[in-house]
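# Architecture and fold: a report
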Amino acid sequence: MLLSLDSGVSALEQFQQQLNVIANNIANVNTVGFKAADVNFADALSETLGNTAAGSTQVGTGVMTASITNDFSTPGSLSSTGVESDLAINGNGFFVVKDPTSGNSYVTQDGTFTVDSNGYLVTSGGMRLQGASGDIQISAGTSTASVQSYSIGSNGTVTVNLSDGTTTTAGQIMLQNFSNPDQLVKVGGNLYSAPAGAGGLTAAAAPGSGGLGTIQSGYLEMSNVDLAGQMTALITTQSAYEANSKVITTSDNVLQTLVNLIH
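Quick summary incoming for the structure in this document. (Residues numbered from 1 in each chain as written. Predicted model: local features only at pLDDT ≥ 70, side-chain atom pairs only at ≥ 80, totals over all residues. Heavy atoms only, no water.)

Below, the discussion takes up the overall build of the chain. Regarding its fold elements, the chain presents 2 helices and 20 strands. At 26 Å, the chain has a C-alpha radius of gyration far larger than the 18 Å of a compact globule built from 263 residues. Judged by the C-alpha coordinates and their principal axes, the chain covers about 100 × 35 × 30 Å. For the chain, the share of sequence-separated contacts (at least 6 apart) that also reach a separation of at least 24 residues comes to 62%. When the accessible surface of the chain is split by element, carbon and sulfur atoms take 51% of a total near 13,600 Å². Placing the 5 positive and 18 negative side-chain charges of the chain at their respective mean positions leaves the two points 5 Å apart. (Helix = DSSP H or I, 4+ residues; strand = E, 2+ residues; numbered from the N terminus. Rg over C-alpha atoms; globule rule 2.2 N^0.38 Å. Contact = heavy atoms within 4.5 Å. Areas by Shrake-Rupley, 256 points an atom, 1.4 Å probe, with all protein chains shown as cover. Lys, Arg positive; Asp, Glu negative; His and termini not counted. Charge placed at Lys NZ, Arg CZ, Asp CG, Glu CD.)

Okay, structure coming up:
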């Protein structure tokens, strides 16, 4: 009888975890570059009661969370902003950004960049976008002319237009891809850290090469959360939660009946 209680309690714990994941997905339905998460369940260790000619006799002890994975295979829709520094990746890849204070590198699919007071392309948190030669900086280079405007090509090349009518290249944005993106670790601010198991940060390449996507300036990739699907999952999870709470109530009633038989 205690096994039914254990199974019911384990289910409540895991479905609560699933509710937490669904709630976070729904909360980030409008978050740029957000990837929806999904909970994968597995059965818990079974208790073997004996063996028969037909095979072993086992009773399960409930459910456990096997993994929580992010859906990197489904791209979010591209939304036009008309802002040159807003960037979307049309295809595979992540932007590489670096903390100018700590020197730590991260990756993101949130292309909401702005130009700071020093001309660097930065995230909302001040992380600097990385290119082939380090930080991407919108500047006149060695010219004495001033910067009038800039453009970012699909291959990541940043072209700066100067006041004297000439142009200069401010660098080329690099993208990073991973053989196992599920190993990426969320650190907040739409950023991921990349442990060795994800494939590392050592193979950044130009957009459009090596299976990487191209860059679309003036666009942002929105969240890939399917709101209708999440609402359906919410209803299903709630129903499963209620059903397992009934299992606990029923098991408790049976135990109470057994206790009363003793008296």
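Now, onward.
The next thing to look at is the packing of aromatic side chains. Under the definition given, this model contains 6 aromatic pairs. Look at Phe15 and Phe41: their rings are 5.6 Å apart centre to centre, the planes differ by 75 degrees, and that puts the pair in the edge-to-face class. One end of the pair, Phe15, is in helix H1 (residues 2–27); the other, Phe41, is in strand S1 (residues 37–43), with 26 residues separating them in the sequence. Here Phe15 falls in the buried class, since its relative accessible area comes to 16%. Taking the relative accessible area as the measure of exposure, Phe41 reaches 33% and is therefore partly exposed. Judged by centre distance (6.2 Å) and plane angle (80 degrees), the rings of Phe94 and Tyr192 are edge-to-face. You can see Phe94 sitting in strand S7 (residues 94–98) and its partner Tyr192 sitting in strand S18 (residues 191–193), a full 98 residues away along the chain. For the pair Phe94 and Tyr192, a shared accessibility class is recorded, and that class is buried. Aromatic rings pair up to connect Phe72, Phe94, Phe178 and Tyr192 into one cluster. Seen from the ring of Tyr120, Arg128 lies directly overhead, with NZ or CZ sitting 3.8 Å from the centre. (Phe/Tyr/Trp six-rings, centres within 6.5 Å; stacked < 30°, edge-to-face > 60°. Buried < 20%, exposed > 50% of the residue type's maximum accessible area, 1.4 Å probe, protein only. Lys NZ or Arg CZ within 6 Å of the ring centre and 35° of its normal.)

So, about the nonpolar core. Core analysis: the largest hydrophobic core is formed by 24 residues, its most contacted members being Leu87, Phe95, Leu129, Ile152 and Ile173. Contributions of two or more residues to this core are made by strand S6 (87–90), S7, strand S13 (147–152) and strand S14 (157–162). Ranked by residue count, the leading element in this core is S14, at 3 residues. With sequence-adjacent residues up to four places away left out, Leu129 is seen in contact with Leu87, Phe95, Val96, Val97, Phe113, Leu121, Gly134, Asp135, Ile136 and Ile173. With 8 residues, the next largest nonpolar core counts Phe72, Val107, Leu184 and Ala198 among its residues. (Core = buried A, V, L, I, M, F, W, Y, C linked by side-chain atoms within 4.5 Å.)

On to unusual backbone geometry. Glycine aside, negative phi is the norm for most residues, and most peptide bonds take the trans geometry. Backbone geometry places Asn190, a non-glycine residue, at a positive phi of 65 degrees. In this structure, Asn190 sits in the loop between strand S17 (185–188) and S18. With relative accessibility at 27%, the residue Asn190 sits in the partly exposed group.

What follows deals with the pattern of salt bridges. Under the counting rule described, the total for this entry stands at 2 salt bridges. A salt bridge links Glu221 to Lys35, with the nearest nitrogen and oxygen atoms 2.5 Å apart. Residue Glu221 is located in strand S20 (residues 219–221), and its partner Lys35 is located in the loop between H1 and S1; the two are separated by 186 residues in the primary sequence. Note on accessibility: Glu221 and Lys35 belong to one class, buried. Arg128 is the partner of Asp135 in a salt bridge, and the nearest nitrogen-oxygen pair spans 3.2 Å. A residue is classified by how much of its surface remains accessible, and Asp135, at 29% relative accessible area, is partly exposed. (Salt bridge = Lys/Arg side-chain N within 4 Å of Asp/Glu carboxyl O.)

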